[in-house]
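These are the residues of each chain, in order.
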Amino acid sequence: MEKPIISVQGIGKRYRIGQTLGNDTLRDHITELVSAVGKIFTGRWQRKSANDEYIWALKDITFDVEAGEVLGIIGRNGAGKSTLLKILSQITEPTEGEAYVRGRLASLLEVGTGFHQELTGRENIFLNGAILGMSKSEISKKFDEIVAFAEVEKFIDTPVKRYSSGMYVRLAFAVAAHLEPEILVVDEVLAVGDAAFQNKCLGKMQEVSRGYGRTVLFVSHNMSAIQTLCGRVVYLNQGRIKGIGPVQEQITAYLRDLKGDGVSTGETNYPLGEVLTLKNLKFSPNPVVSGSDINFDIRIEPKKETSISDLQILIYSVYGVRVGIIDLRRPDGKPYILNQNKPLKINGKIKSLPLVEGDYRIGLYVSCKEYYRDIYDITAITVAAKPSSTANIPCKPIYRGIVEFNSTFESNIND
Amino acid sequence: MADYERVIKARKGIVSIDFAELWRYRELFLFLTWRDILVRYKQTYIGVTWAALQPLLTMVIFTAIFSLVGKFPSNGAPYPVLVFAALLPWQFFANAMTESSQSLVASERMITKVYFPRLIIPASAVMTGIVDLLISVLILIAMMWGFNVPFTPRLLMLLLFFVVAFIAAFSVGLWFSALNVRYRDVKYIVPFIVRMGMYISPVGFISDVVPERYRFLYNLNPMVGVIDGFRWCILGARFEPYWEGFLVSVVVIIILLITGAIYFRSMERTFADVI
């Protein structure tokens, strides 16, 4: 039997907590060194006990990928999806375990890597192609195809800093889409561009995987894309493999966990980036009957003094279509100022929730002084069908879209 | 398909340089060099003239200070040519060191998104300096012609000394670029070295003014041997380098290169995590 194209055996990756740039200066290290030397002489030296200072972003990851397979990787923010792809792409080294990759691998962790603002579209195609691992002759051969795919023929000799953001993204993806590696690694590329272009990208990926029998590793929060493209799914949870198997089975398990998680019932300890912690995000009642009111409570605690200028609840359908947001910025336009003694508490209400019954995924967008970020899949809510007000049996939810209108009508035939 | 198999696991200890892999990535190396050269003087008003202006103005000032005011000896050579002959390798070294020490940090996005041998980033930054050097060489030729300095076959030896300067810049670049990923202090150290180095190295004066018994020590500065060599090639036998000293410079450079490569390779595995 042929060997699997990717074989991952017991991979683990450990990070030191607080290992960030900025507070890591030469002086700190020299101070540390001096005090360590001092301790040797005073006999008090011992290796720091590692466990409480390190976290395992990934642990005991083992799976195989057969050639030609399209493998989806799902999981919440911080589950280790991106770390896994980074290890397989050789961007970062695992702490333990090993992986065998049998073929050329190209990663689209982010499109447009190495694009230079001052260079023209033409120059950037060559540069970006080389960075992604194409040879010069390969790029020349595909040049026209790339330009046509990106729809930037007229601007090909204009510096990309004059491009609109849509053109920029199209060009960047076009280069990446024309790579011909045996293994393609894609992380959230579909989050960019307009809907028409996203469809084109999905089509290209499908063509790559089905038409040419290439292997694809695909990370996304967009469950409908996962469902369309993937044959098998790895479900990661807190750095470990929670499940691996058929797509529908894993997506169902994922959504079930999302709902059943502690978050939906109240107290939690969910990190929102480096500075903020979500202590509570509660929707009640949950499940909620379609058309009735739903209350929400949020509590965010900072690790140090900071300000939040932007905060929104994001509501997604099961398949990752954004249904709407709830804007929680201060009405007076000022930021929320937080410190350790003063967490941010918000409670509010969505009046007569106009959603068709089903599960909805909840995320947050938060922008504080230090960073801004989307955090997907923090919790989920279930909307239950409301009792029918007519003699008809309601249409099936899949025919009714997402929005339940509050409508009335009259007709001229009543009898 | 499985024409090669890559094993991904934690590397321990000293990691050797994978020359076969570097060769596979030679095109990327050339592309990065080409990109840096293309963007170097974009959106500047007088463009590449800057490359000529900097050494010219430095030469004028140094000639005024060291020759007219300081009355330093010149071994009978025209002082402006003597200064400019030293500025060629020094400016190249200073620019290459500055560019390459910033290169990894400036390529953060690439490093955290795509794999390739990281060594080619500081290497291509050093390469970029060659364009400025070539412009300076044109000015040198004009000056030699203007000051009636004879053109001799020894000028061909410049290539040898240039290679030494290149390796010196690359070695220091290896150290500083890798250190800079972790310790941004490098950002402040490098300009200081460039500024001080210009006065410590024999740029504005000839190394003969250094007392004989200190010359061996003086050559611990790797650029001393290179600058002496450049003067010898351009101005003739009166500037015969102190060869034992040159050897010291070369040994220092080789030590810097080997330790730099080892340090770079051992830090490489954490670049994407700490940058």
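Bear in mind the structure is a predicted one, so any value in this text is a computation, not a measurement.

**Quick notes on the overall build of chain B**
What chain B contains, in helices and strands, is 12 helices and 1 strand. N-terminal to C-terminal, the α/β element order of chain B is β-α-α-α-α-α-α-α-α-α-α-α-α. Computed over its C-alpha atoms, the radius of gyration of chain B comes to 20 Å, within 12% of the 19 Å expected for a compact globule of 275 residues. The proportion of buried residues among the 275 residues of chain B is 41%.

**A look at the interface of chain A and chain B**
Across the boundary between the two partners, chain A contributes 42 residues, which contact 30 residues of chain B. Contributions of two or more residues to the side of chain A that touches chain B are made by α2 (81–88), β4 (96–101) and α3 (121–131) of chain A. No other element matches β4(A), which puts 6 residues into the side of chain A that touches chain B. Residue classes in the side of chain A that touches chain B are distributed as 17 nonpolar, 13 polar and 12 charged. Of the pairings in the sheet, the one linking β4(A) to strand β1 (residues 6–9) of chain B comprises 4 bridges and is antiparallel in character. What sits directly across from Glu98(A), in β1(B), is Lys9(B).

**A few points about the pairing of strand β1 (residues 6–16) of chain A**
Residue and element names in this part refer to chain A. Where β1 meets β4, 5 bridges bridge the pair, whose relative direction is antiparallel. When the sheet's bridge partners are listed, Ser-7 is paired in β4 with Tyr-100. Bridge count for β1 against strand β2 (residues 54–65) is 8 bridges, and the pairing is antiparallel. Looking across to β2, one finds that Arg-16 is bridged to Tyr-54.

**Structural notes on the nonpolar core**
By size, the foremost hydrophobic cluster in this structure holds 170 residues, and its most contacted members are Phe218(A), Phe93(B), Ala169(B) and Phe230(B). The biggest single contributor to this core is helix α4 (residues 79–106) of chain B, with 16 residues. In contact with Phe218(A), other than residues within four places in its own chain, are Val70(A), Leu71(A), Gly72(A), Ile73(A), Val186(A), Ile226(A), Leu229(A) and Cys230(A).

**Section: helix α6 (residues 120–146) of chain B**
With 27 residues, α6(B) extends 40 Å from end C-alpha to end C-alpha; this agrees with the ideal 39 Å at 1.5 Å per step. The first or second residue beyond α6(B) is Asn148(B), which carries a positive phi of 60°.

**Section: the sheet that holds β1(A)**
Read across the open sheet, the 4 strands follow the order β2(A)-β1(A)-β4(A)-β1(B); overall the sheet is antiparallel. What marks the edges here is a single partner per strand, and that holds for β2 of chain A together with β1 of chain B. Mean inter-strand twist for the sheet, computed between neighbouring axes without regard to direction, equals 20°.

**Considerations on the domain arrangement of chain A**
Residues and elements named next belong to chain A. Structurally, chain A comprises domain 1 (57–256) and domain 2 (266–399). Across the contact, 8 residues belong to domain 1 and 9 residues belong to domain 2. Residue composition of the side of domain 1 that touches domain 2, by class: 2 nonpolar, 5 polar and 1 charged.

**Structural notes on helix α7 (residues 158–182) of chain B**
For the α-helix, the turn length of 3.6 residues means that residues three or four positions removed from each other point alike. An ideal rise of 1.5 Å per residue puts 36 Å on 25 residues; α7(B) measures up with 36 Å between its terminal C-alpha atoms. With 19 of 25 residues buried, α7(B) lies mostly within the body of the structure.

**Some remarks on the confidence of the model for chain B**
All names here are of chain B. In this model, chain B carries a mean pLDDT of 88, and residues with pLDDT of at least 70 account for 98%. α7 holds the highest mean pLDDT among the elements of chain B, 94, whereas helix α12 (residues 271–274) holds the lowest, 82. Listed scores for the predicted complex are pTM 0.75 and ipTM 0.79.

Calculation criteria
- Residues numbered from 1 in each chain as written.
- Chains lettered and ligands numbered in written order.
- Predicted model: local features only at pLDDT ≥ 70, side-chain atom pairs only at ≥ 80, totals over all residues.
- Helix = DSSP H or I, 4+ residues; strand = E, 2+ residues; numbered from the N terminus.
- Rg over C-alpha atoms; globule rule 2.2 N^0.38 Å.
- Buried ≥ 20, exposed ≤ 12 C-beta atoms within 10 Å, placed from the backbone.
- Contact = placed C-beta atoms within 7 Å.
- Nonpolar A, V, L, I, M, F, W, Y, C, P; charged D, E, K, R; others polar.
- Pairing = 2+ DSSP bridges.
- Core = buried A, V, L, I, M, F, W, Y, C linked by C-beta atoms within 7 Å.
- Expected span 1.5 Å × (residues − 1).
- Axes fitted to C-alpha atoms, helices over the stretch in contact; angles between N-to-C directions.
- Domains from an automatic or database assignment.
- pLDDT = per-residue confidence, 0-100.

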